[in-house]
Every structure is written in structure tokens, then in C-alpha cells.
Amino acid sequence: MTDSVEKIVSSYKSGRREDLIPILQKIQEAVGYIPEEAIVAIGNKLKISTTKIYGLATFYDQFRFFPQGKIHITICNGTTCYINGASDVIEAVREFVGTEPGDTSRDKLFSYEVTTCVGGCHSSPVILVNGEYHAPVTPESISEMLSKLRVVIENE
Ligand code: FES
């Protein structure tokens, strides 16, 4: 277990289930995501099954269970984006990154997730690249943008 996870979990009292969300928030803040080892440690500490922790944590959109790539892409698949071609956008990103949503590319440079409305419907389809809006996008414009970004981060 990483030091930060251990420190955070041990700073809470045993068996207090109401501490689950604050602990998860602190771990994500410190590590960037919620590793499996943290789920196990929290389960032991709070006396909650890991299945229940995953169930509760996935209910909140804010938690991630995988380390993000240097470039993290959020693809909106809300109703308006869906109507305006989000499926093709998702396919273009999947092809570029080479993984399923929620995974990180082998070189750890790219990761992506598909989400619901991100509040930019008027110019859909929308993606966010490291939190920055890009819209409207096309499969072609995304491939071009990500290829350029790859060159930039590989040369950093
Ligand atoms: S549905 Fe995609 S921004 Fe609203």
C-alpha cells in the first residue's frame, strides 16, 4: 500500500461508515484515483465489503478507479451530443488511444472516459481534453488534435 493511502486510512476511526466518502475524496486528491488496494484497506478499516464500497463509490461521478494518462479525454455522450455524432467521436478516440473507456494507453499518455452532458450542448459534439472544452469536434479533427498532442508530450 502506498504511504499516502496508508496514512489517510489510518487517520480515521475503525467502523465509522459515514467516513467512507471523505476517505475516498482524500485518497483521490492524494493519488489521483482510487486504487484497488485502497478499497481493500478502507473495507477493513470501516468494516464494509469491497463490493459495497465500489457500489457506493461508482454512484458518485467524481471517483476514478484507474490512473489517468497525461492527456485525459472526456467524451460527452449526452442526448444532444449523441444525436450530433458522439458515437463516431467515441470510436475515433477508442481507435487512437487503443483501449476501452476507463483504461489508459500502454504508453500511459492517454486515457478517456465517456460521460453525460457536460453543459456545452449548443456546440455539440463536445469533448474535454484535460478539462478544456473542444467543440464541435469531428472524428477527423480529434485524430488530428490528438496526434499533435502526442508529438508535444513525447518531446517534453
Ligand atoms: S449533451 Fe453533450 S454537452 Fe450536453
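Predicted model only: the values in this text are computed from it and were never measured. (Residues numbered from 1 in each chain as written. Predicted model: local features only at pLDDT ≥ 70, side-chain atom pairs only at ≥ 80, totals over all residues. Heavy atoms only, no water.)

Caption draft 1: Quick peek at the environment of V114. Among the secondary structure elements, V114 is positioned in strand β2 (residues 110–115). Considering only alpha carbons, one finds V114 and G102, 12 residues apart in sequence, at a separation of 8.3 Å. (Helix = DSSP H or I, 4+ residues; strand = E, 2+ residues; numbered from the N terminus.)

Caption draft 2: How the structure looks around helix α3 (residues 36–46). Residues of α3 that are buried include every one of A38, I39, A41, I42, G43, K45 and L46, and no others. The positive-phi residue at the C-terminal boundary of α3 is K47, with phi of around 60 degrees. (Buried < 20%, exposed > 50% of the residue type's maximum accessible area, 1.4 Å probe, protein only.)

Caption draft 3: View of the domain arrangement of the chain. One can read the domain layout of the chain as domain 1 (3–59) and domain 2 (71–154). Of note, the centres of domain 1 and domain 2, computed from C-alpha atoms alone, are 30 Å apart. (Domains from an automatic or database assignment.)

Caption draft 4: Focus on helix α2 (residues 20–31). Taking 1.5 Å of rise per residue, the 12 residues of α2 would be expected to cover 16 Å, and the 16 Å separating its terminal C-alpha atoms lies within 8% of that figure. Of the residues making up α2, those classed as buried are L20, I23, L24, I27 and Q28. All buried residues of α2 lie within an arc of 130 degrees about the axis, which places them on one face of the element. For α2, the elements touching its buried residues are α1 (3–10), α3 and α4 (50–59). Of the residues one or two after α2, G32 is the one with positive phi, at around 100 degrees. (Expected span 1.5 Å × (residues − 1). Arc of directions from axis to C-beta. Contact = heavy atoms within 4.5 Å.)

Caption draft 5: Representation of the pairing of strand β1 (residues 71–76). Summarising burial for β1: 6 of the 6 residues are buried, a large majority. Alternating residues of β1 divide into I71, I73 and I75 and H72, T74 and C76, and every residue in both groups is buried. Across 6 bridges, the pairing between β1 and β2 is parallel. Looking at β2, one finds that I75 is bridged to V114. Here β1 runs beside strand β3 (residues 127–129); their pairing, made up of 3 bridges, is antiparallel. From the neighbouring strand, T74 faces β3, where its bridge partner is L128. (Pairing = 2+ DSSP bridges.)

Caption draft 6: Looking closely at the packing of aromatic side chains. A full pass over the atoms with the stated rule returns 4 aromatic pairs. Arranged with centres 5.4 Å apart and planes meeting at 90 degrees, the rings of F59 and Y60 form a pair that is edge-to-face. Residue F59 is classed as exposed on the basis of its relative accessible area, which comes to 66%. Aromatic side chains F96 and F110 sit 5.1 Å apart centroid to centroid with 80 degrees between the ring planes, which places their arrangement in the edge-to-face category. Here the residue F96 occupies a position in helix α6 (residues 86–97), and F110 occupies one in strand β2, the gap between them amounting to 14 residues. Judged by relative accessible area, which is 0%, F110 ranks as buried. Here the aromatic residues F59, Y60 and F63 are joined through ring pairs into a cluster of three or more. (Phe/Tyr/Trp six-rings, centres within 6.5 Å; stacked < 30°, edge-to-face > 60°.)

Caption draft 7: Focus on the packing of α6 against helix α7 (residues 139–154). In the contact formed by α6 and α7, the axes pass within 9 Å of each other and the chain directions differ by 30 degrees. Judged by the angle between their axes, α6 and α7 are roughly parallel. Our pair here, α6 against α7, has a crossing hand that is right-handed. Residues D88, V89, A92, V93 and F96 of α6 form the contact with α7, whose own contacting residues are P139, I142, S143, L146, S147 and R150. (Axes fitted to C-alpha atoms, helices over the stretch in contact; angles between N-to-C directions. Parallel < 35°, antiparallel > 145°, perpendicular 65-115°, else oblique. Left-handed = near helix turned anticlockwise from the far one by under 90°.)

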